[in-house]
Amino acid sequence: MIARQNDLIGLNFLRLGIVSLAIGMFFGVIGGFQFLFPDFLQELLFNRTRPIHVSMVVSWIFLAAIGGIYFYLPRQQKLSLWSPNAAKIHFWVFIVTGIAILYSYVTGKFGGREYFMFPAILSLPIFLTWILFGVNYFNTLKKYKEPWPVYYWMWGTGIVFFFITFCESYLWLIPYFRESMVREIIVQWKSYGALTGSWNMLVYGTAIYVATRIAGNQDAAKSKMAYGLFFLGLTNLIFGWAHHTYLVPSQTWIRVLAYAISMTELFILGKILWDWRASLTTFQKNQHCNAYRFMFAADIWVFINLVLALIISVPAFNLITHGTHITVAHAMGSTIGINTMILLSSLFYVIREELPENVHASCSKQVMTGFWITNVSLAIFFFALVMAGFGRGLYEGASFQEMALQIRPFLVVFAISGIALMLGMWLVLWNAFRLLGKIISSANGEKVRGDGELSTANS
Amino acid sequence: MIFGTLFVSFVFYSAYIYTAGTEVAHGPEISDEARRGQQVYQEYNCMACHQFYGLGGYMGPDLTNVISNRGAAYAGAFIAAGTATMPNLGLSPEETSDVVAFLGFVDTTGTYPPKNYDVTWYGTVRQEDDPQ
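Residues numbered from 1 in each chain as written. Chains lettered and ligands numbered in written order. Predicted model: local features only at pLDDT ≥ 70, side-chain atom pairs only at ≥ 80, totals over all residues. Heavy atoms only, no water.

## Describing the overall build of chain A
Then, number 1: The helix and strand tally for chain A stands at 15 helices and zero strands.
Then, number 2: Rg of the C-alpha trace for chain A: 22 Å, near the compact-globule value of 23 Å for 459 residues, within the 12% margin.
Then, number 3: Residues counted as buried form 62% of the 459 residues belonging to chain A.
Then, number 4: When the accessible surface of chain A is split by element, carbon and sulfur atoms take 69% of a total near 17400 Å².
Then, number 5: Averaging the coordinates of the 31 positive side-chain charges in chain A and doing the same for the 20 negative ones gives two points 6 Å apart. (Helix = DSSP H or I, 4+ residues; strand = E, 2+ residues; numbered from the N terminus. Rg over C-alpha atoms; globule rule 2.2 N^0.38 Å. Buried < 20%, exposed > 50% of the residue type's maximum accessible area, 1.4 Å probe, protein only. Areas by Shrake-Rupley, 256 points an atom, 1.4 Å probe, with all protein chains shown as cover. Lys, Arg positive; Asp, Glu negative; His and termini not counted. Charge placed at Lys NZ, Arg CZ, Asp CG, Glu CD.)

Have a look at this one:
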């Protein structure tokens with residue numbers, strides 16, 4: 001069945017997300033080289049390239065997750081959107097705001113906060129359209145009369161908590177928060193920690209949705225275990241942030257609570273390991289090779305990242321790892337290894353469902369080439385950052401320059417593997433962008449050429 | 001029910017964190033000069049490269065205690081002229097002085113990285129440097 005006009009808004013979000021990630025990775029590579037050569041690209045120094053990189057990559061995560069929700073609800077769940085026009089407004093406001101944010105970075109107008117480094121006024125359209133998104137989502141789901149599967153809860157929770165934590169991150173505008181340095185730091189890292197948890201809810205909801213659809217088993221999304229893991233994740237979202245702030249002066253019990261909550265993630269890790277084999281055999285039977293491979297990669301990165309996260313959540317280890325490149329490794333492993341792999345799986349699931357005649361079930365050569373380049377280079381990139389982090393954390397001298405020279409070889413590896421990572425990802429993204437364009441063309445009534453470019457099977 | 005409980009916990013926990021939970025002694029109140037310096041620090045996006053309490057970008061050093069470790073004159077010279085690894089961002093002398101005042105204010109709020117601490121057998125850390 002050809003996609004209808006009202007299904008297109010989700011696809012447009014997905015395509016915009018792809019563009020955002022492609023640009024974000026380019027600026028990430030430039031930033032990586034500026035670590036080695038700080039004067040590289042004088043006109044656009046690191047204090048400008050870093051926010052462009054961070055904002056574009058974070059935008060990708062949101063756009064791809066939101067696009068999936070806007071697409072899956074009307075197209076596959078037969079829940080027509082409460083207001084397709086609200087979704088269109090959401091899309092266009094995101095584009096205009098995104099351009100304004102990029103302009104502010106390029107011209108050096110900053111808000112000076114981690115993640116949201118743009119002037120605070122530009123958050124206003126994001127706030128307003130997020131409300132619109134939430135109203136649209138919850139009103140759309142009113143039509144669903146059965147108990148919600150866990151992914152509906154996760155999407156809904158992600159939407160609500162993003163709104164709360166996004167508001168919370170702007171508490172610094174109030175002097176009471178801004179003028180106490182400890183409170184200022186806590187505001188930033190409490191809100192950002194929870195905000196990351198909220199976008200994880202959107203992404204993990206997407207993961208469960210795609211996995212259950214591919215496996216053809218909806219029961220898994222309504223099991224007690226699924227809800228149990230959801231509430232555990234939500235508890236971590238609310239209380240687990242404080243492992244970011246162990247070393248900020250605050251009451252000891254807050255640190256101990258964060259430590260205890262963080263360790264509950266061990267249960268999630270155990271569950272992942274327990275289910276690993278079963279999930280492999282289930283997935284292998286499916287006909288969504290590209291989507292399956294990306295989901296499988298996400299599974300491995302979940303494991304690697306959870307181990308690292310658990311280690312750095314132990315306060316005694318956090319003393320060494322805090323404020324080092326190990327934190328960056330954790331962030332990159334999570335956003336690229338887990339979130340991006342899941343969202344790419346979602347993209348290729350959509351493509352395979354909508355273009356079964358153009359895209360064969362087997363893995364495509366170009367996408368798999370990009371897949372392997374991306375994952376191998378990400379592994380090198382990740383471990384280079386971990387090693388650089390250990391170098392910094394264990395350095396006992398007083399000279400920052402001396403420490404920087406010691407870890408420079410690892411940063412060279414990090415920068416070079418970053419180029420490979422970008423090229424591999426671009427190859428994947430180009431194929432996804434092109435094929436999503438074919439779906440849009442077919443919905444617009446244009447004849448889609450069955451060129452089978454992705455049917456060059458290598459499996 | 002569980003959702004509601006967690007949400008209410010979130011609200012109360014947040015309120016506590018932002019009042020009593022972080023009400024440790026913070027040293028002197030922020031001065032007007034430091035307040036302006038904080039604004040300059042944000043406008044030039046200094047946290048893209050630098051950290052306070054290990055939070056921020058990792059291209060440059062953590063600045064929490066740069067004033068007590070290196071002195072105000074040293075910090076001011078770095079900001080005003082730049083170095084091989086830190087570009088001169090073109091701050092005016094007033095802006096430079098304000099940022100140094102802000103860094104001085106941050107310096108009074110605590111110690112990073114902690115110098116005096118106890119590590120327990122179960123992995124927690126008691127930081128004796130915390131302002132009491």
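## Description of the packing of helix H11 (residues 289-313) of chain A against helix H13 (residues 325-354) of chain A
The description of two helices packed together rests on the angle between their axes and the distance between the axes.
All names here are of chain A.
Then, number 1: Interaxial distance between H11 and H13 falls to 8 Å at its minimum, and their mutual angle equals 160 degrees. When the axis of H11 is compared with that of H13, the two are roughly antiparallel. Of the two possible hands of crossing, H11 and H13 adopt the one that is left-handed.
Then, number 2: Its residues assigned to classes, the contact of H11 with H13 shows 18 nonpolar, seven polar and no charged. (Axes fitted to C-alpha atoms, helices over the stretch in contact; angles between N-to-C directions. Parallel < 35°, antiparallel > 145°, perpendicular 65-115°, else oblique. Left-handed = near helix turned anticlockwise from the far one by under 90°. Nonpolar A, V, L, I, M, F, W, Y, C, P; charged D, E, K, R; others polar.)

## Quick look at the packing of aromatic side chains
Residues and elements named next belong to chain A.
Then, number 1: Enumeration over the complete set of coordinates arrives at 55 aromatic pairs over all chains.
Then, number 2: Considering the side-chain rings of Tyr-105 and Phe-110, the 6.2 Å spacing of their centres and the 25 degrees angle between planes classify their relative orientation as stacked. You'll find Tyr-105 and Phe-110 in the same group, each marked buried.
Then, number 3: Considering the side-chain rings of Phe-294 and Phe-348, the 5.5 Å spacing of their centres and the 5 degrees angle between planes classify their relative orientation as stacked. Taken together, the positions of Phe-294 in helix H11 and Phe-348 in helix H13 put the pair 54 residues apart, joining distant regions of the chain. (Phe/Tyr/Trp six-rings, centres within 6.5 Å; stacked < 30°, edge-to-face > 60°.)

## Observations regarding the confidence of the model for chain B
Residue and element names in this part refer to chain B.
Then, number 1: Within chain B, residue pLDDT values average 84, and 89% of them lie at 70 or more.
Then, number 2: Mean pLDDT values over the elements of chain B span from 71, in strand E4 (residues 125-127), up to 95, in helix H5 (residues 93-107).
Then, number 3: Here the complex is predicted with pTM 0.91, and the ipTM for its interfaces comes to 0.86. (pLDDT = per-residue confidence, 0-100.)

## Concerning empty space enclosed by the protein
Then, number 1: On inspection of all chains with the given rule, the structure shows six cavities of 30 Å³ or more.
Then, number 2: Of the volumes computed, that of the largest cavity is approximately 120 Å³.
Then, number 3: Looking at the largest cavity, it is lined by 14 residues, and the ones nearest its centre are Glu-184 and Gln-188 of chain A together with Tyr-41, Met-47 and Phe-52 of chain B.
Then, number 4: At the level of secondary structure, the elements contributing two or more residues to the lining of the largest cavity comprise helix H7 (181-215) of chain A together with helix H2 (32-43) of chain B.
Then, number 5: Ranked by residues supplied to the lining of the largest cavity, first place goes to H7 of chain A with five residues.
Then, number 6: By residue class, the composition of the lining of the largest cavity is eight nonpolar, four polar and two charged. (1 Å grid on protein atoms, 1.4 Å probe; cavity = no way out; pocket = protein on both sides within 12 Å on 5 of 7 lines; lining within 4 Å. Points joined across faces, edges and corners; volume = space filled by probe spheres on them.)

## Description of the pattern of salt bridges
Then, number 1: By the definition in use, this model includes eight salt bridges over all chains.
Then, number 2: Put simply, Asp-98 of chain B and Arg-36 of chain B hold a salt bridge, and the shortest N to O gap is 3.2 Å. Pair noted here: Asp-98 of chain B is in helix H5 and Arg-36 of chain B is in helix H2, with a separation of 62 residues, a long-range link.
Then, number 3: The buried category is assigned to Asp-98 of chain B, whose relative accessible area is 8%.
Then, number 4: Salt bridges linked by common partners bring Asp-7, Arg-75 and Glu-354 of chain A together as one network. (Salt bridge = Lys/Arg side-chain N within 4 Å of Asp/Glu carboxyl O.)

## Considerations on H2 of chain B
Then, number 1: Here H2 of chain B is twelve residues long and its end C-alpha atoms lie 17 Å apart, about the 16 Å a rise of 1.5 Å per residue gives.
Then, number 2: Buried positions along H2 of chain B lie against helix H6 (175-178) and H7 of chain A together with strand E1 (51-52) and H5 of chain B.
Then, number 3: The positive-phi residue at the C-terminal boundary of H2 of chain B is Asn-45 of chain B, with phi of around 55 degrees. (Expected span 1.5 Å × (residues − 1). Contact = heavy atoms within 4.5 Å.)

## Here we look at H5 of chain B
Then, number 1: Under the 1.5 Å per step criterion, the end-to-end length of H5 of chain B is 21 Å for 15 residues, consistent within 8% with the ideal 21 Å.
Then, number 2: On its buried side, H5 of chain B packs onto H7 of chain A together with H2, E1, helix H3 (66-70) and helix H4 (72-81) of chain B.

## Some words on the interface of chain A and chain B
You'll often see interface size given as the accessible area lost when the parts meet.
Then, number 1: Between chain A and chain B, the contact holds 74 residues from the first and 61 residues from the second.
Then, number 2: Both faces combined, the contact of chain A with chain B buries some 5800 Å², and carbon together with sulfur accounts for 66% of it.
Then, number 3: Considering only the side of chain A, the residues that lose the most area to chain B are Glu-179, Met-181 and Pro-249 of chain A, jointly responsible for 11% of the buried surface there.
Then, number 4: Across the chain A-chain B interface, the total number found is one salt bridge.
Then, number 5: The residue Glu-179 of chain A makes a salt bridge to Arg-35 of chain B at a minimum N-O spacing of 2.5 Å. (Buried area = accessible area lost by both parts, 1.4 Å probe.)

## A look at the confidence of the model for chain A
Then, number 1: Averaged over all residues, the pLDDT of chain A equals 87, while 91% of them reach at least 70.
Then, number 2: Within the model, the stretch residues 450-459 of chain A combines pLDDT values under 50 with 27 contacts to residues more than four positions away or in other chains.

## Thoughts on the nonpolar core
Then, number 1: Core analysis: the biggest nonpolar cluster contains 188 residues, and Leu-11, Trp-60, Tyr-152, Trp-155 and Leu-436 of chain A together with Phe-52 of chain B have the highest contact counts within it.
Then, number 2: Excluding residues that lie within four positions of it along the chain, Leu-11 of chain A makes contacts with Phe-71, Val-350, Leu-436, Ile-439 and Ile-440 of chain A. (Core = buried A, V, L, I, M, F, W, Y, C linked by side-chain atoms within 4.5 Å.)

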